[in-house]
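The chain contents come next:
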Amino acid sequence: MQLEGRPSLLFSHLVSLKKLKMMQLIEQTQLTKRQILYDFEKLNFGLE
């Protein structure tokens, strides 16, 4: 699976942290909640 852009960034954050809350992810990535949820959908699709 080849990840690019924001989904790749989110995946890196998820792998590096044990417990991650949405607000922490928003602060660390400077993305909106909507952008993060959209990218999670892309990640989930790619992992299926």
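This text follows the structure it describes.
In short, a report on the structure. Computed from a prediction, not measured in an experiment: that's the story for all the values here.

Cut-off values and rules
- Residues numbered from 1 in each chain as written.
- Predicted model: local features only at pLDDT ≥ 70, side-chain atom pairs only at ≥ 80, totals over all residues.
- Heavy atoms only, no water.
- Helix = DSSP H or I, 4+ residues; strand = E, 2+ residues; numbered from the N terminus.
- Contact = heavy atoms within 4.5 Å.
- Core = buried A, V, L, I, M, F, W, Y, C linked by side-chain atoms within 4.5 Å.
- Buried < 20%, exposed > 50% of the residue type's maximum accessible area, 1.4 Å probe, protein only.
- Polar contact = N/O pair within 3.5 Å; in protein donor to acceptor, adjacent residues only side chain to side chain.
- Axes fitted to C-alpha atoms, helices over the stretch in contact; angles between N-to-C directions.
- Parallel < 35°, antiparallel > 145°, perpendicular 65-115°, else oblique.
- Nonpolar A, V, L, I, M, F, W, Y, C, P; charged D, E, K, R; others polar.
- Patch = residues over 30% accessible without salt bridge, like charges linked within 9 Å, V, L, I, M, F, W, Y side chains within 5 Å.
- Areas by Shrake-Rupley, 256 points an atom, 1.4 Å probe, with all protein chains shown as cover.
- Salt bridge = Lys/Arg side-chain N within 4 Å of Asp/Glu carboxyl O.
- Arc of directions from axis to C-beta.

## So, the side chain of D39
Logical step 1: When you line up the elements, D39 lands in helix 3 (residues 33-47).
Logical step 2: Excluding residues that lie within four positions of it along the chain, D39 makes contacts with R6, P7, L10 and L31.

## Section: the nonpolar core
Logical step 1: If you look at the biggest cluster of nonpolar residues, it comprises six residues: L10, L25, I26, L31, I36 and L43.
Logical step 2: When contributions to this core are tallied by element, the ones reaching two or more residues are helix 2 (22-29) and helix 3.

## Considering the side chain of T29
Logical step 1: Considering the arrangement of structural elements, one finds T29 in helix 2.
Logical step 2: Within the structure, T29 has its side chain in polar contact with the backbone oxygen of L25 (distance 2.6 Å).

## Let's talk about the packing of helix 2 against helix 3
Between two packed helices, what matters for the description is the angle formed by their axes and the separation of those axes.
Logical step 1: Running from N to C, helix 2 and helix 3 point in directions that differ by 100°, and their axes come no closer than 10 Å. As far as their axial angle goes, helix 3 and helix 2 are roughly perpendicular. Here M22, L25, I26 and T29 of helix 2 lie close against helix 3, whose contacting residues are K33, I36, L37 and F40.
Logical step 2: For the contact of helix 2 with helix 3, the per-class residue count stands at six nonpolar, one polar and one charged.

## Quick word on a nonpolar patch on the surface
Logical step 1: Together, F11, V15 and L47 make up an exposed nonpolar region whose accessible area comes to about 290 Å².
Logical step 2: Topologically, F11 is positioned in helix 1 (residues 5-16).

## Remarks on helix 2
Logical step 1: Those residues of helix 2 that fall on the buried side of the exposure criterion are L25, I26 and T29. Viewed end-on, helix 2 has its buried residues packed into an arc of 100°, placing them on one side of the element. Opposite the buried face of helix 2, by more than 90 degrees, sit the exposed residues M23 and E27.
Logical step 2: Where helix 2 is buried, its residues meet helix 1 and helix 3.
Logical step 3: The first or second residue beyond helix 2 is Q30, which carries a positive phi of 60°.

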